[in-house]
Structures are given as structure tokens and as C-alpha cells.
Amino acid sequence: QVQLAESGGGLVQAGGSLRLSCAASGRTFSNYAMGWFRQAPGKEREFVAAISWGGGTPYYGDSVKGRFTISRDNAKNTVYLRMNSLTPEDTAVYYCGGGIYVSSSSAQYKYWGQGTQVTVSS
């Protein structure tokens, strides 16, 4: 199995930046796709970004395009999410998921981390 652990969340003022990390441990596969999702209290889980471990162009949800950047370091079994120009609407628990196929649907991801809290203040 694969275990995922997110880190890097915290409190930041509007307009600021954060970088989240998701480290994989256990049995890993280089061709696993990775995705970032977020969920705020009372709201459904929202797609943020996804990237293939084997290459390809990253893609993003409409609400974060132009502000967030997903990247990977396969040697470290880690994916990152750089978040710029943060607003209070970005406040949520951010989760990373791993799966065989790149997808914006959470159902396509087999493994999940426990999440990291991001809070953006005004």
C-alpha cells in the first residue's frame, strides 16, 4: 500500500503564499498520478490540481488557475502545490490523492492523505 502525508499548511494573510507538500511512503509506483483536493466546512470536496508521475501537462480547477502550481519530484516521492495570491475563499483542508489515472474526480484516486489546514485571513 501507499501512505500519503501532507504538510505545509498554516495561517497566511490574504495575498500571501504557501507551499504544500505531499510525501509518499510504503510501496510506491512511479506512474501514479497525484491530485490535490480541498474541502471547506459545509462544502463538498473540490478539485484543485493534478499531475502525472510519468509526465504530462499539469491541470487545475477553474478557481485556482493562474495562482496555484503543482509540481513533482519523483526521486523524493513528493508532489508540491505552490499557492500564490491567496484569498479567504482558499481556506480549507487540503488533501492529496494518488491513483493510476490523472483525473479531476476524487473517485479515481485510491490513496489519500489526512489533509493539512490552510487558513487565509483578511
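None of these values were measured; they are calculated from a predicted model.

**Here's the deal with the overall build of the chain**
Right, so step 1: Helices and strands together make up the secondary structure of the chain, namely zero helices and 11 strands.
Right, so step 2: Listing every helix and strand of the chain by position from the N terminus yields β-β-β-β-β-β-β-β-β-β-β.
Right, so step 3: Rg of the C-alpha trace for the chain: 13 Å, near the compact-globule value of 14 Å for 122 residues, within the 12% margin.
Right, so step 4: C-alpha extents for the chain along the principal axes are approximately 40 × 25 × 25 Å.
Right, so step 5: Out of the 122 residues belonging to the chain, those deemed buried represent 43%.
Right, so step 6: Pairs at least 24 apart in sequence give 56% of the contacts found in the chain among residues at least 6 apart.
Right, so step 7: In the chain, 11 positive and 7 negative side-chain charges are present, and the distance between their average locations comes to 8 Å.

**Digging into the packing of aromatic side chains**
Right, so step 1: Considering all chains together, one arrives at six aromatic pairs under this definition.
Right, so step 2: Ring centres of Phe47 and Tyr59 lie 5.4 Å apart, and the angle between their planes is 35 degrees; this geometry places the pair in the tilted category. With Phe47 in strand S5 (residues 46–52) and Tyr59 in strand S6 (residues 59–60), this pair connects stretches of sequence that are 12 residues apart.
Right, so step 3: When the ring centre of Tyr95 is taken as origin, the NZ or CZ atom of Arg45, which lies over that ring, is 4.1 Å away.

**What to know about the nonpolar core**
Right, so step 1: Ranked by internal contacts, the top residues of the largest apolar core, which has 29 residues, are Leu4, Trp36, Val48, Phe68, Leu81, Met83 and Tyr94.
Right, so step 2: When residues of this core are traced back to their parent elements, those giving at least two are strand S1 (2–7), strand S3 (18–26), strand S4 (33–39), S5, strand S7 (68–73), strand S8 (78–83), strand S9 (92–99) and strand S11 (116–121).
Right, so step 3: In terms of residue count, S3 provides more of this core than any other element does, four residues in total.
Right, so step 4: Excluding anything up to four places from it in sequence, Phe68 contacts Arg38, Val48, Tyr60, Leu81, Arg82, Met83, Asn84, Leu86, Asp90 and Tyr94.

**What to know about the sheet that holds S7**
Strand pairing within a sheet occurs via backbone hydrogen bonds; the two strands may be parallel or antiparallel.
Right, so step 1: Spatially, four strands are ordered S1-S3-S8-S7 in an open sheet, and the strand pairing comes out antiparallel. Taken across any chain shown, the strands that pair with only one partner, and hence form the sheet edges, are S1 and S7. Pairs of neighbouring strands in the sheet enclose a mean axial angle of 15 degrees, with direction left out of account.
Right, so step 2: Sheet analysis places S3 next to S8, joined by six bridges and oriented antiparallel.

**Description of the state of the cysteines**
Linking two cysteines covalently through their sulfur atoms gives a disulfide.
Right, so step 1: Under the definition given, this model contains one disulfide.
Right, so step 2: The disulfide that involves Cys22 links it to Cys96, with 1.9 Å between the sulfurs. The disulfide joining Cys22 to Cys96 has a torsion of about 55 degrees about its S-S bond and is therefore right-handed. In this pair, Cys22 is assigned in strand S3 and Cys96 in strand S9, connecting sequence segments 74 residues apart. An identical accessibility class is assigned to Cys22 and Cys96; each is buried.

Conventions and cut-offs
Residues numbered from 1 in each chain as written. Predicted model: local features only at pLDDT ≥ 70, side-chain atom pairs only at ≥ 80, totals over all residues. Heavy atoms only, no water. Helix = DSSP H or I, 4+ residues; strand = E, 2+ residues; numbered from the N terminus. Rg over C-alpha atoms; globule rule 2.2 N^0.38 Å. Buried < 20%, exposed > 50% of the residue type's maximum accessible area, 1.4 Å probe, protein only. Contact = heavy atoms within 4.5 Å. Lys, Arg positive; Asp, Glu negative; His and termini not counted. Charge placed at Lys NZ, Arg CZ, Asp CG, Glu CD. Phe/Tyr/Trp six-rings, centres within 6.5 Å; stacked < 30°, edge-to-face > 60°. Lys NZ or Arg CZ within 6 Å of the ring centre and 35° of its normal. Core = buried A, V, L, I, M, F, W, Y, C linked by side-chain atoms within 4.5 Å. Pairing = 2+ DSSP bridges. Axes fitted to C-alpha atoms, helices over the stretch in contact; angles between N-to-C directions. Disulfide = S-S within 2.5 Å.

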